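Each chain, written out:
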Amino acid sequence: MSVTLLVADAVWSNIESTGSVTEEQLSMLHMLFGKNLEKATRIIDKRGVKKISGLPSGRSIFQVVGESQKREEYLCFPGDYCGCYSFFYDVVSRGEHQCCKHQLAARLASSLGSYSEIEVSDDHLALMLSKI
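Each residue is numbered by its place in its chain's sequence as written, counting from 1. A pLDDT threshold of at least 70 governs which residues receive local features in this predicted model, and a stricter bar of 80 or more applies before side-chain atom pairs are shown or counted, although totals over entire chains, interfaces and linings include all residues. Hydrogens are left out, water is left out, and the side-chain values use all remaining heavy atoms of the structure.

- As recorded in an unreviewed UniProt entry, the protein goes by SWIM-type domain-containing protein and comes from Cardamine amara subsp. amara.

1. Section: the overall build of the protein
Next, step 1: Looking only at helices and strands, the protein has six helices and five strands in total.
Next, step 2: The N-to-C order of helical and strand elements in the protein reads α-α-α-β-β-β-β-α-α-β-α.
Next, step 3: Against the globule reference of 14 Å for 132 residues, the protein gives a C-alpha radius of gyration of 14 Å, in line with a compact fold.
Next, step 4: Working definition: with a 1.4 Å probe on protein chains only, accessible area under 20% of the residue-type maximum means buried, over 50% means exposed, and in between means partly exposed. Out of the 132 residues in the protein, the part that is buried amounts to 36%.
Next, step 5: Excluding contacts between residues fewer than 6 apart, the proportion of contacts in the protein whose partners are at least 24 apart in sequence is 55%.
Next, step 6: As used throughout, the charge tally considers Lys and Arg to be positive and Asp and Glu to be negative, leaving His and the chain termini uncounted. Taken as the charge centre is NZ of Lys, CZ of Arg, CG of Asp or CD of Glu, depending on the residue. Each charge class in the protein can be summarised by its mean position, and for the 14 positive and 16 negative side chains these summaries are 7 Å apart. Counting from the N terminus, the helices are DSSP H or I runs at least four residues long and the strands are E runs at least two residues long. Here the radius of gyration uses the C-alpha set of atoms, whereas the globule reference equals 2.2 Å times the residue count to the power 0.38. Whether two residues touch is decided by their heavy atoms; if any such pair falls within 4.5 Å, the residues are in contact.

2. Remarks on the pairing of strand β2 (residues 60-65)
Next, step 1: Within β2, five of the six residues are buried, leaving the element largely enclosed by the surrounding structure.
Next, step 2: Two strands qualify as a pair provided that DSSP identifies no fewer than 2 bridges between them. In the sheet, strand β1 (residues 49-55) pairs with β2 via five bridges, with the strands oriented antiparallel. Bridge pairing in β2 places Lys 51 opposite Phe 62.
Next, step 3: Between the end of β1 and the start of β2, which pair antiparallel, lie four residues, with Gly 58 showing a positive phi angle near 85 degrees.

See the structure below:
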């Protein structure tokens, strides 16, 4: 794990423990993630993050709305995967970023509890995941 992600994990843990974010924490995250953090906060402000949980297992994935005019929704595991173009191009292929704005939005929303919750059957969740 990179130093950036280790520092970010410490900040996320602090945010999760209090359920709120300070200016200092936002500044630290901005230093680590730059404009992607700004974009992620806009997504959260527009209520663009959903947590989809399967029942009865409790397994979950996030669905995050993009900022384009199409308002596409991307399935996202905050620490590991996003279905957006930027994840594959900037994160995986070129290695220019640690994560995409959708992953950041999901992680910050999760830390703050700022997401809408949707419950589906485990079968439905499996079907959604099979399309990734």
